Amino acid sequence: MATVIAPLIEASGLSISFNGSAALSGVDFDVASGEVHALVGENGAGKSSLMKILGGLYSPDAGSIRVRGETTRMSSVNDAARAGIATIHQELNLVDTLSAVDNIFLGKEVRTRMGFPDRRAMRAAAAKVLAQLGFRATPDVLVGALRVGEKQLVEIAKALLADARVLIMDEPTSALSDTETQALLTLTKDLRERGMGIVLISHRLGEVFAVADRVTVLRDGRRIATLPMRQVESSSALVSMMIGKDFAPPERTEADAPQERPLAVDVRALTLRGPARPLVWDVSFAVQQGEVFGISGLLGAGKTEILEAIFGVSPYRREGEIHVAGHSRTIDSPDRAAAAGLAFVTEDRKKDGLVLDQSLEANLVLPSLSRAPGFPFYRRARMRAWADRQARASNVKHRSLAQDSSTLSGGNQQKLIIGKWLMTKPRILLLDEPTRGVDVAAKAEIYRQILAAAREGVTVIVASSEIDELMLLSDRILVMCEGRARGVLTRERFSGAVLIRMASP
């Protein structure tokens, strides 16, 4: 008689509610040794709530958890750690004033025989795992000086060095380029071969098909299906299960092809000098009105820095010229940028994109107060109706315009940010990682909004770590490598292999 091996972790009938709204209803989930079990669903489907229960952050209202066959109560993160569970959270949990090494070993420092922190051993271990992930900065760098993608690698290294048997990865590649993503997926396969159980939450379904053995689909807090990956026909079939209806991915049409129009943005010999070295060096490009212009590159290539310079919020010394709408403007503040018709969706929505403790209505109207109905005299009912129209147009799923923005799922926060900037009726829309942490259905909605804005004459400049995203949206793509421009590709020359090769040192 064959021995039945208990799953590393098994959840039965988990339910949890927040403010009277059910986030999970009777969900079963398990992961076995040497398995990658993917968890997919729309933003707000309950994925993160389930993982936070397994990781000890939330206590369920009902249900049970067994670890290697024994019922276990997860009442804290320490309980999860003792059970051998480590989590890479989508929302980063790092201390900006500490180094990458100190963050990785915070609370679990390696010590010498005398009881002192063994910094040499910790630095060596951190450097090794960070190198596997493609981290280029020194492990001693302050985390606060890192970009979001680099912070994501530190968060991943922190979990990998926790000596866990179950690794929960909640959107681990959301801020990574394709190259860094491939390094992480290769490492994931290696960890599976070593017998680790891995839970993968990802909106990038290509990753799910690449590494997952099974997939569980959640919708509205309920488990819809658990299937071996070999039984899933396609990404579209998986998305259809997630949303409960047939899904058609967005496609460009002839109407999306740009017409010959005046230049909207002309960047000439842009150089941005950091404290130690230039972060962007002698970059030039021009974008015409109504064009979608992509910027591609690895982490640290200079994509974000270029957008910040155009919007006038770059912290670095700028050389070169930036011409907007046919003539040079000195843009050195968000106010001047907005007056010139620019809008900027930043990569870090929680830090720079939203006032999290303010309502949806306040966030939506904040950049557009001078355009509000009745300005300068505000009528609350008209303001609320104005904000409500944009929330509906952007398909932001919410209970009330009065609820705090912090209560929205990540994808709905992103749609809220894009919606608030579209309310300003921009002439130039700058997008930095516009679909980071957003589910496939929401991505499709955002893509349609971007293409619709371009058809209406809005100039769009989008920096993204997702090559497929850039190739879908863009008319041309500028490829950056270590702060320098490697060239501009037109649509007929688009190729994932070519883009990766050009972006690589």
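Residues numbered from 1 in each chain as written. Predicted model: local features only at pLDDT ≥ 70, side-chain atom pairs only at ≥ 80, totals over all residues. Heavy atoms only, no water.

Trainee: Hey, could you go over the pattern of salt bridges for me, with residue numbers and the actual values?
Mentor: Working definition: two side chains of opposite charge can pair if their charged atoms are close together. A complete count under the given rule lists 23 salt bridges for this structure. As a salt-bridge pair, Arg204 and Glu466 come within 3.4 Å of each other at their nearest N and O atoms. Within this pair, whereas Arg204 is found in the loop between β8 (197-201) and α7 (205-211), its partner Glu466 is found in the loop between β18 (459-463) and α16 (467-473), the two being separated by 262 residues in sequence. Across the pair, Glu466 and Arg204 agree in class, each one buried. With a shortest N-O distance of 3.9 Å, Glu361 and Arg384 are connected by a salt bridge. Taken as a pair, Glu361 in helix α12 (residues 360-365) and Arg384 in helix α13 (residues 380-393) lie far apart in primary sequence, 23 residues in all. We classify Glu361 as buried; its relative accessible area is 8%. Of the residues examined, Arg384 reaches a relative accessible area of 37% and is grouped as partly exposed. Through salt bridges with shared partners, a single ionic network connects Arg204, Glu207, Lys443 and Glu466. (Salt bridge = Lys/Arg side-chain N within 4 Å of Asp/Glu carboxyl O. Helix = DSSP H or I, 4+ residues; strand = E, 2+ residues; numbered from the N terminus. Buried < 20%, exposed > 50% of the residue type's maximum accessible area, 1.4 Å probe, protein only.)

Trainee: Tell me about the packing of helix α14 (residues 410-422) against helix α15 (residues 440-455), residues and numbers included.
Mentor: Packing of α14 against α15 leaves a shortest axis separation of 11 Å and a crossing angle of 15°. The pairing of α14 with α15 is recorded here as roughly parallel in orientation. The two elements α14 and α15 cross, and the hand of that crossing is left-handed. Between α14 and α15, the contacting residues are Gln414, Lys415, Ile418 and Leu422 on the first element and Ala442, Glu445, Ile446 and Gln449 on the second. Class assignment for the residues of the contact of α14 with α15 results in 4 nonpolar, 2 polar and 2 charged. (Axes fitted to C-alpha atoms, helices over the stretch in contact; angles between N-to-C directions. Parallel < 35°, antiparallel > 145°, perpendicular 65-115°, else oblique. Left-handed = near helix turned anticlockwise from the far one by under 90°. Contact = heavy atoms within 4.5 Å. Nonpolar A, V, L, I, M, F, W, Y, C, P; charged D, E, K, R; others polar.)

Trainee: Let's hear about the packing of aromatic side chains: which residues, and what values?
Mentor: What the rule picks out here adds up to 4 aromatic pairs. Judged by centre distance (5.0 Å) and plane angle (15°), the ring pair of Phe285 and Phe293 falls under stacked. Here Phe285 falls in the buried class, since its relative accessible area comes to 6%. Under the relative-accessibility criterion, Phe293 is labelled buried at 0%. When the ring of Phe311 is compared with that of Trp421, the centres are 6.2 Å apart and the planes differ by 85°; the resulting orientation is edge-to-face. With Phe311 in helix α9 (residues 303-311) and Trp421 in helix α14, this pair connects stretches of sequence that are 110 residues apart. Its relative accessible area of 14% is what places Trp421 among the buried residues. Grouped by ring-pair contacts, the aromatic residues Phe311, Phe344 and Trp421 constitute a single cluster. (Phe/Tyr/Trp six-rings, centres within 6.5 Å; stacked < 30°, edge-to-face > 60°.)

Trainee: Which residues make up the domain arrangement of the protein chain, and what are the values?
Mentor: Each domain of the protein chain was delimited in the assignment, giving domain 1 (7-243) and domain 2 (254-503). Using C-alpha coordinates to define each centre, domain 1 is positioned 29 Å away from domain 2. Of the roughly 2,400 Å² buried between domain 1 and domain 2, counting both surfaces, carbon and sulfur atoms make up 49%. Contact with domain 2 buries surface across domain 1, with Asn43, Arg147 and Val148 losing the most and accounting together for 27% of the total. At the junction of domain 1 and domain 2, the tally comes to 3 salt bridges. Seen at the junction of domain 1 and domain 2, the total is 5 residue pairs in polar contact (both at pLDDT 80 or more). Residue assignment for the side of domain 1 that touches domain 2 shows that the elements contributing at least two residues are α5 (148-160), α6 (178-193) and α8 (235-243). In terms of residues, the side of domain 1 that touches domain 2 owes the most to one element, α5, which gives 5 residues. Tallied by class, residues from the side of domain 1 that touches domain 2 come to 7 nonpolar, 10 polar and 8 charged. (Domains from an automatic or database assignment. Buried area = accessible area lost by both parts, 1.4 Å probe. Polar contact = N/O pair within 3.5 Å; in protein donor to acceptor, adjacent residues only side chain to side chain.)

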